[in-house]
Amino acid sequence: MRNKGNLGTMLKEAGILFAITLVSGLLLGVVYELTKEPIRLQQEKAIQEACKAVFQEAGSFEQIEYTLGEELAGELAQDGVRAGDVYRALGADGTLLGYVLESTSTKGYGGNIVIYLGVALDGTLNDISILEIAETAGLGMEAPDVLVPQFHDKQVEHFVYTKTGAQSEEEIDAITGATITTEAVTNAVNGGLKVARMLMEGGAGNE
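Note that the coordinates shown come from a computational prediction; the quantities given were computed from them, not determined experimentally. (Residues numbered from 1 in each chain as written. Predicted model: local features only at pLDDT ≥ 70, side-chain atom pairs only at ≥ 80, totals over all residues. Heavy atoms only, no water.)

1. Some points on the overall build of the chain
Looking only at helices and strands, one finds four helices and seven strands in the chain. The order of α-helices and β-strands along the chain, N terminus first, is α-β-α-β-β-β-β-α-β-β-α. Taken over C-alpha atoms, the radius of gyration comes to 24 Å for the chain, far larger than the 17 Å a tight globule of 207 residues would show. Expressed as lengths along the three principal axes of its C-alpha atoms, the size of the chain is roughly 90 × 45 × 30 Å. Across the 207 residues of the chain, 37% fall into the buried class. Sequence separation of at least 24 residues holds for 56% of the intrachain contacts in the chain that already meet a minimum separation of 6. Per element, the accessible surface of the chain, about 12000 Å² overall, is 55% carbon and sulfur. (Helix = DSSP H or I, 4+ residues; strand = E, 2+ residues; numbered from the N terminus. Rg over C-alpha atoms; globule rule 2.2 N^0.38 Å. Buried < 20%, exposed > 50% of the residue type's maximum accessible area, 1.4 Å probe, protein only. Contact = heavy atoms within 4.5 Å. Areas by Shrake-Rupley, 256 points an atom, 1.4 Å probe, with all protein chains shown as cover.)

2. Thoughts on the environment of Ser 103
Tracing the backbone through its elements, the reader meets Ser 103 in strand β3 (residues 96-108). Owing to a relative accessible area of 1%, Ser 103 belongs among the buried residues under this scheme. Sequence separation between Ser 103 and Gly 191 is 88 residues, and the spatial gap between their C-alpha atoms is 6.9 Å. When neighbours within four sequence positions are excluded, Ser 103 is seen to be in contact with Val 81, Arg 82, Ile 113, Val 114, Ile 115, Leu 117, Ala 188, Gly 191 and Gly 192.

3. So, the sheet that holds strand β4 (residues 111-120)
With respect to topology, five strands assemble into an open sheet ordered β1-β2-β3-β4-β5, the strand pairing being antiparallel. Two strands bound the open sheet, and with one partner strand each, they are β1 (60-64) and β5 (125-132). Strand-to-strand, the axes of this sheet are offset by a mean angle of 25°, without reference to chain direction. Examined bridge by bridge, β1 and strand β2 (residues 81-90) share five bridges and lie antiparallel to one another. Counterpart to Glu 62 in the pairing with β2 is Arg 88. (Pairing = 2+ DSSP bridges. Axes fitted to C-alpha atoms, helices over the stretch in contact; angles between N-to-C directions.)

4. Some details on the pattern of salt bridges
Scanning the model with the defined rule gives two salt bridges in all. The partner of Glu 62 in a salt bridge is Arg 88, and the shortest N-O contact between them spans 2.9 Å. Placement of Glu 62 in strand β1 and of Arg 88 in strand β2 is noted, with a sequence separation of 26 residues between them. The class of Arg 88 is buried, set by a relative accessible area of 17%. (Salt bridge = Lys/Arg side-chain N within 4 Å of Asp/Glu carboxyl O.)

5. Notes on the environment of Lys 52
Structurally, Lys 52 can be placed in helix α1 (residues 2-54). Contacts of Lys 52, omitting those with residues within four sequence positions, involve Ala 58, Gly 59 and Phe 61.

6. Focus: helix α4 (residues 179-200)
With 22 residues, α4 ought to run about 32 Å at 1.5 Å a step, and its terminal C-alpha atoms sit 31 Å apart, in line with that. By the criterion of burial, α4 is predominantly enclosed, with 16 of the 22 residues buried. Positive backbone phi, approximately 75°, marks Gly 202, located one or two places after α4. (Expected span 1.5 Å × (residues − 1).)

7. Description of a negative patch on the surface
Among the surface-exposed residues, Glu 57, Asp 153, Glu 169 and Glu 170 lie close enough to one another that they form a single negatively charged patch. With respect to the element layout, Glu 57 can be found in the loop between α1 and β1. Exposure remark for Glu 57: the relative accessible area of 57% places this residue in the exposed category. (Patch = residues over 30% accessible without salt bridge, like charges linked within 9 Å, V, L, I, M, F, W, Y side chains within 5 Å. Lys, Arg positive; Asp, Glu negative; His and termini not counted. Charge placed at Lys NZ, Arg CZ, Asp CG, Glu CD.)

8. Details of the nonpolar core
In terms of nonpolar packing, the biggest core is built from 34 residues, with Leu 101, Leu 125, Phe 151, Val 189, Val 195 and Leu 199 touching the most fellow members. Secondary structure elements with two or more residues in this core: α2 (70-78), β2, β3, β4, β5 and α4. With nine residues, α4 is the single largest residue contributor to this core. Ala 50, Phe 55, Tyr 87 and Val 100 belong to the second largest nonpolar core, which has eleven residues in total. (Core = buried A, V, L, I, M, F, W, Y, C linked by side-chain atoms within 4.5 Å.)

9. Looking at the side chain of Glu 135
Within the secondary structure, Glu 135 sits in the loop between β5 and α3 (143-146). Within the local environment of Glu 135, its side chain forms a polar contact with the backbone nitrogen of Tyr 109, the two atoms lying 2.8 Å apart. Within the structure, Glu 135 has its side chain in polar contact with the side chain of Thr 181 (distance 2.6 Å). In this structure Glu 135 touches Gly 108, Tyr 109, Gly 110, Gly 111, Ile 113, Gly 140, Met 141 and Thr 181, once residues within four positions along its chain are discounted. (Polar contact = N/O pair within 3.5 Å; in protein donor to acceptor, adjacent residues only side chain to side chain.)

Geometry only, nothing functional implied.
What follows is the structure in structure tokens.
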């Protein structure tokens, strides 16, 4: 009799656990469905704001598909850079003004550093915006204030950083005590510029 009682208790407890799991799963599914659309809209809003921040002249932005060639992909990988989403920056009349590009450095001191950069058709880098960064407080985390302004309205093919004071358009003053962060941001910008030039030269197979 005792064994039958124990079996009944086990079955009862298993049934309760199953019911709890089932209800929890259903509730999670409902919550996901309710929050999925607001989250998507918030993400789209954040992207549009980032695009506008680096390409203020544009009236709208249109995401495009593109393909990196093997050679360029290899160059980016050597610098620890990963190319991301690309958007056409369009004028009010739909005219192509340039591109907004997402570029990620995988070699930040605290992890990935994700930036957006706006590049006009003449190759001018309008601005950059840092979307994701987790560097050391007081050092690498100064990048938005110290590094970002230095890239404003520059028309160069390749940036380099210096610890002795910038003497030319190509040079960026490094953050004191945060060379790794400075290099990561600079490489991400250079990688984005390379992708922009590829797009403007029509060698990306973009649609």
